[in-house]
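# Per-entry structural report
Here is what each chain is made of, one letter per residue.
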2 protein chains.
Amino acid sequence: MANGGPEIEQLIQLLARLPGLGPRSARRAVLHLIKRKDALMVPLSAALDRAVAAVRVCETCGNVDTVSPCHICTDPRREQSGLLIVVEDVADLWALERAGVGAVRYHVLGGVLSPLDGIGPEDLTIEQLLGRAAGFSEIVLAVNATVEGQTTAHYITDRLAGSGVRITRLAHGVPVGGELDYLDEGTLSQALRARTAMDPG
Amino acid sequence: MANGGPEIEQLIQLLARLPGLGPRSARRAVLHLIKRKDALMVPLSAALDRAVAAVRVCETCGNVDTVSPCHICTDPRREQSGLLIVVEDVADLWALERAGVGAVRYHVLGGVLSPLDGIGPEDLTIEQLLGRAAGFSEIVLAVNATVEGQTTAHYITDRLAGSGVRITRLAHGVPVGGELDYLDEGTLSQALRARTAMDPG
Ligand SMILES: [Zn+2]
Ligand SMILES: [Zn+2]
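Quick look at the structure, then.

Definitions and cut-offs
Residues numbered from 1 in each chain as written. Chains lettered and ligands numbered in written order. Predicted model: local features only at pLDDT ≥ 70, side-chain atom pairs only at ≥ 80, totals over all residues. Heavy atoms only, no water. Helix = DSSP H or I, 4+ residues; strand = E, 2+ residues; numbered from the N terminus. Contact = heavy atoms within 4.5 Å. Areas by Shrake-Rupley, 256 points an atom, 1.4 Å probe, with all protein chains shown as cover. Lys, Arg positive; Asp, Glu negative; His and termini not counted. Charge placed at Lys NZ, Arg CZ, Asp CG, Glu CD. Donors = N, O, S within 2.8 Å, 3.2 Å for Na, K, Ca; no water. Tetrahedral: all angles 85-135°; square planar, octahedral: opposite > 155°, others 65-115°. Buried area = accessible area lost by both parts, 1.4 Å probe. Salt bridge = Lys/Arg side-chain N within 4 Å of Asp/Glu carboxyl O. Polar contact = N/O pair within 3.5 Å; in protein donor to acceptor, adjacent residues only side chain to side chain. Pairing = 2+ DSSP bridges. Axes fitted to C-alpha atoms, helices over the stretch in contact; angles between N-to-C directions.

Per the secondary structure count, chain A includes 8 helices and 7 strands. Taking the principal axes of its C-alpha atoms as reference, chain A extends roughly 65 × 40 × 35 Å. Residue pairs at least 24 apart in sequence account for 56% of intrachain contacts in chain A once pairs closer than 6 positions are excluded. Just so you have it, chain A exposes about 9100 Å², and 53% of that area is on carbon and sulfur atoms. With 19 positive and 24 negative side-chain charges, chain A shows a separation of 8 Å between the mean positions of the two kinds.

What follows is the structure, encoded as structure tokens:
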């Protein structure tokens, strides 16, 4: 155990499991923390403690927040009768919020249909979505422009057929194969403004 | 505060200050943690708490450990009379330990001389190094092959003149596994000048 003892080694191993970090960058991150113990390491430790205690998944929409239902679901300016934007992941919800898309609500699917990976409708929050749909005037299927994303959009459109709710998707402008979370905010706003109706099956 | 409340936002902002992470990857990291709350977020929080409480900078060599003097400085197999390897940073010490360089001790300078950045000898642990030097038979200046690194090596060599201690530096050459085509010309010409005899098969 040359690298500074078991406490430091364990911290490196856990940080290395974060996306975008590997063993080498995790070691650099830990040294960076240790050099800035009071300015960064102690505040990060406290922030992580607080987040662990506070984080909730919203029972209504699947957003991550410190209350459930989340602040978005209980925001009176985001009327129940308006737009419901369906996303794959919380990261996409956050990206749309950063883009300032307006007084909308969200539904986080928790993934996309992927038969090859054994992910079916029951693994996503599709039943909950069907239960919420009637409360909105329009549902925007803001899934990624991938094969699985589009398959999921068509499946949801089929399930909502006859509900009377208008179903749309983001305008093209989302690059084919692109992931929402990596798009600039202008592109996201434009894609939402130019959203188009889903063709029935 | 759309992104999940102040606790989550603060965690994102602190993680974004780690090397190799920015705001976007910090958000991804936080969502990754939240999705794996019990498997990763809680253990990471506990590991960080423990590391904050345990981490020490070795008063002798500048290594990071949970005791001071550190395990390397007190390891009886690394005799005081042997090699002292001088490095810029703790990351370099860890890299040499991973390389298994043997029963050596270290001295962490904490940087390199850089007049343009206002970093002089008094900002590094050079005085402490001069105080330790007599206890060793050889001092290896394992600083980076940069202008500042080499300037620092020459400065230390000057200060140790007359001490009787042998002073060396790392060999320049082709990295193991390295392709000549990708090496800069300085490295190639140094590697040629320092060429060694082939061992007979
Ligand atoms: Zn919600
Ligand atoms: Zn030490």
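This paragraph deals with the coordination of the zinc ion (ligand 2). Expected angles at a metal are 109.5 degrees for tetrahedral coordination by four donors and either 90 or 180 degrees for octahedral coordination by six donors. All names here are of chain B. Donor atoms from the polypeptide that coordinate the zinc ion (ligand 2) comprise C58 (SG), C61 (SG), C70 (SG) and C73 (SG), at 2.3 Å from the metal. One way to put it: the 4 donor atoms around the zinc ion (ligand 2) meet at angles of 104 to 116°, and that makes the site tetrahedral. Expressed as a motif, the donor residue spacing for the zinc ion (ligand 2) is C-x2-C-x8-C-x2-C. Placement of the pair is C58 in the loop between β1 (56–57) and β2 (64–65) and C73 in the loop between β2 and β3 (83–87), with a sequence separation of 15 residues.

Frequently, the measure chosen for interface size is the accessible area that the parts lose on association. Taken together, the contact pairs 49 residues of chain B with 53 residues of chain A. Together chain B and chain A conceal approximately 5200 Å² of surface at their shared face, both sides included; 69% is due to carbon and sulfur atoms. The largest contributions to the chain B side of the interface with chain A come from B:R28, B:L48 and B:W94, which together make up 13% of the buried area. Counting the contacts that link chain B with chain A gives 2 salt bridges. Residue B:D89 pairs with A:K35 through a salt bridge whose shortest N-O separation is 2.7 Å. At the surface where chain B touches chain A, the tally comes to 10 residue pairs in polar contact (both at pLDDT 80 or more). Mapped by element, the contributors of at least two residues to the side of chain B that touches chain A are α1 (6–15), α2 (23–35), α3 (37–54), β2 and α4 (90–98) of chain B.

Residue and element names in this part refer to chain B. Spatial ordering of the open sheet is given by β4-β3-β5-β6, a layout of 4 strands whose pairing is parallel. Edge positions in the sheet fall to β4 (105–108) and β6 (166–169), since each of these pairs with one other strand and no more. Strand after strand, the sheet turns through a mean of 25° between neighbouring axes, direction not considered. Bridging between strand β5 (residues 138–141) and β6 involves 4 bridges; their strand directions are parallel. Bridge pairing in β6 links V140 to T168.

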